[in-house]
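Analysis of the macromolecular model
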Amino acid sequence: MGIALGDVRIDPPVILAPMSGVTDRPFRQLVRRLGGGLVVSEMIASRELLHAARRAGTSKRAAEDCADEHPIAVQLAGHEPDTMAEAARLAVGRGAALIDVNFGCPAKKVVGKLCGAALMRDEALAARILRAVVAAVPVPVTLKMRTGWSVEARNAPRLARIAEDCGVRMITVHGRTRDQLYAGRADWAFIRTVKDAVTVPVIANGDIADCDDVDRCLAESGADGVMIGRGAQGRPWLIGQVAHYLRTGARRPDPAPAEQRDIVLAHYDALLARYGTARGVRVARKHLGWYGRGLPKAAAFRAAVNRSEDPAEVAGLVRAHFVSALNGVAA
Ligand SMILES: Cc1cc2nc3c(=O)[nH]c(=O)nc-3n(C[C@H](O)[C@H](O)[C@H](O)COP(=O)(O)O)c2cc1C
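This write-up is about the structure you can find in this document. Bear in mind the structure is a predicted one, so any value in this text is a computation, not a measurement.

Structural notes on the site of the ligand
If you check the shell around the ligand, you find 16 residues, and the closest are P18, Q75, N205, D207 and R230. With respect to the ligand, the backbone of M43 contributes an N or O atom lying 3.2 Å from an oxygen atom. Cavity membership is defined here by more than half of the atoms lying within 2 Å of grid points; on that basis the ligand lies in the largest pocket. The residue makeup of the shell around the ligand, split by class, is 6 nonpolar, 7 polar and 3 charged.

Observations regarding helix α10 (residues 257-275)
Between its terminal C-alpha atoms α10 stretches 27 Å, which fits the 27 Å expected from 19 residues at 1.5 Å a residue. Regarding α10, the residues found buried are Q260, I263, V264, L265, H267, Y268, L271, L272, R274 and Y275.

Regarding unusual backbone geometry
Cis rather than trans, the peptide bond between D11 and P12 has omega equal to 0 degrees. With respect to the element layout, P12 can be found in the loop between β2 (8-10) and β3 (14-16). Residues H70 and P71 are joined by a peptide bond in cis, for which omega reads -5 degrees. Turning to its location among the elements, P71 is positioned in the loop between α2 (46-54) and β6 (72-77). Here L114, not a glycine, exhibits a phi torsion of approximately 65 degrees, which is positive. Residue placement: L114 occurs in the loop between α4 (108-111) and α5 (123-136). Classification of L114 as partly exposed rests on a relative accessible area of 48%. With a phi close to 65 degrees, D207 is a non-glycine residue in the positive phi region. Its location among the elements puts D207 in the loop between β10 (202-205) and α8 (211-221). Judged by its relative accessible area of 18%, D207 is buried.

Thoughts on empty space enclosed by the protein
One pass over the structure, following the stated rule, counts 1 cavity of 30 Å³ or more. Space inside the largest cavity adds up to approximately 50 Å³. In terms of lining, the largest cavity is formed by I15, L38, V40, A73, L98, D100, T142, M170, T172 and M227. Looking at the lining of the largest cavity, the elements with two or more residues in it are β4 (38-40), β7 (98-103) and β9 (170-177). Residue composition of the lining of the largest cavity, by class: 7 nonpolar, 2 polar and 1 charged.

Focus: the side chain of R285
Tracing the backbone shows R285 in helix α11 (residues 277-292). Under the relative-accessibility criterion, R285 is labelled buried at 15%. A polar atom in the side chain of R285 sits 3.0 Å from the backbone oxygen of S308. Apart from residues lying up to four places away in sequence, R285 is in contact with V305, N306, S308 and E309.

A closer look at the packing of aromatic side chains
Applying the stated criterion across every chain yields a total of 1 aromatic pair. Judged by centre distance (5.4 Å) and plane angle (85 degrees), the rings of F301 and F322 are edge-to-face. Pair noted here: F301 is in helix α12 (residues 298-307) and F322 is in helix α13 (residues 311-330), with a separation of 21 residues, a long-range link. When sorted by exposure, F301 lands in the same class as F322, which is buried. The residue whose ring lies beneath R146 is Y182, and the NZ or CZ to ring-centre distance is 5.1 Å. The ring of F190 has R154 sitting right over it, with the charged end atom 4.1 Å from the ring centre.

A closer look at the pairing of strand β8 (residues 141-148)
Within β8, 8 of the 8 residues are buried, which leaves the element mostly enclosed by the surrounding structure. Sheet topology places β7 next to β8; 5 bridges connect them, and they run parallel. Bridging across to β8, D100 finds its partner in T142. Examined bridge by bridge, β8 and β9 share 6 bridges and lie parallel to one another. From the neighbouring strand, K144 faces β9, where its bridge partner is T172. In this region the chain leaves β8, passes through helix α6 (residues 156-166) and returns to the parallel neighbour β9; the handedness of that crossover is right-handed.

Overview of the pattern of salt bridges
Counted according to the given criterion, the structure contains 18 salt bridges. Linking R54 and E86 is a salt bridge whose minimum nitrogen-to-oxygen distance equals 3.5 Å. Within this pair, whereas R54 is found in helix α2, its partner E86 is found in helix α3 (residues 81-93), the two being separated by 32 residues in sequence. You can call R54 exposed: its relative accessible area is 55%. With its nearest N and O atoms 3.1 Å apart, the salt bridge here joins D207 to R230. Pair noted here: D207 is in the loop between β10 and α8 and R230 is in the loop between β11 (225-228) and α9 (238-248), with a separation of 23 residues, a long-range link. Through salt bridges that share partners, R25, R28, D68 and E69 make up one connected network.

Rules and cut-offs
Residues numbered from 1 in each chain as written. Predicted model: local features only at pLDDT ≥ 70, side-chain atom pairs only at ≥ 80, totals over all residues. Heavy atoms only, no water. Near = heavy atom within 4 Å. Polar contact = N/O pair within 3.5 Å; in protein donor to acceptor, adjacent residues only side chain to side chain. 1 Å grid on protein atoms, 1.4 Å probe; cavity = no way out; pocket = protein on both sides within 12 Å on 5 of 7 lines; lining within 4 Å. Sits in = over half its atoms within 2 Å of the grid points. Nonpolar A, V, L, I, M, F, W, Y, C, P; charged D, E, K, R; others polar. Helix = DSSP H or I, 4+ residues; strand = E, 2+ residues; numbered from the N terminus. Expected span 1.5 Å × (residues − 1). Buried < 20%, exposed > 50% of the residue type's maximum accessible area, 1.4 Å probe, protein only. Points joined across faces, edges and corners; volume = space filled by probe spheres on them. Contact = heavy atoms within 4.5 Å. Phe/Tyr/Trp six-rings, centres within 6.5 Å; stacked < 30°, edge-to-face > 60°. Lys NZ or Arg CZ within 6 Å of the ring centre and 35° of its normal. Pairing = 2+ DSSP bridges. Right-handed = clockwise from strand over helix to strand, strands pointing away. Salt bridge = Lys/Arg side-chain N within 4 Å of Asp/Glu carboxyl O.

Take a look at the structure:
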């Protein structure tokens, strides 16, 4: 059930969701090493990308060259068709294999600028943006959106048709409205109305945490594939597990305790290398908290990690904690 978009094959069709502040380069590389396929950059504001590119030497990290991450989708936010088109060209020049347009972000500071999910309320502007971006780049353009702005205005099927007419090649739907933010449950059945409205592949997103969820979500939505975000926090192997499941029908167990510890340590080292020691220690905290979730003494581990500014001490805490805690769970 693979998806072909130009030169890019998404096979099996499971995608790591874009998550600002989470799916940075170290995380994406880790997910890929553990068997995940397509990854998406964090959302990049089109204007900022262009400004940063003009200011030599101060380029925004999220927008750096990504050719070595092939195939990667670079996700752009914005509301000015020309600016987004130019940003898309720049991203392709830096190695983006796909351009994904964000019509889903619900954050006040984003929709306040008429970006993200706000564009679901302005279908004419949405169409101008999509047409401009599609015309600007030789690579496939995809779209990520919610089901609508509010329960009373779930226009995702109509917007999907507009997007298809504009040349968009794949549509991901997070099964919530903008007004829901992250409350309630994602409505996978509603995604079917989007799937029925278009001929391009539709990806279902929201609240998928394991292979059972994948089965249920695909059955309810009729979608061509799934995108997983929060389920992969602290479980970067999940995308690879789902890929394996979709490919073979067999479930791959979680990595053994010692392997999980090594994954955490490798992730930690990659964060320090990426951000430098002082910032890296802080960026790592949320990831270490997620890795420790559900294990014995999770709160104490988290508190100790959050207190320490010393990278060697944090690595020592990880080494001391993970295998014994995981064995404790297995016992
Ligand atoms: C911390 C965080 C950051 C996110 N950043 C983005 C983003 O940059 N672009 C985007 O399209 N969606 C973003 N999302 C939404 C996710 O891509 C996804 O649609 C949503 O979390 C639902 O899927 P999930 O239940 O699998 O997490 C973000 C979500 C979270 C939790």
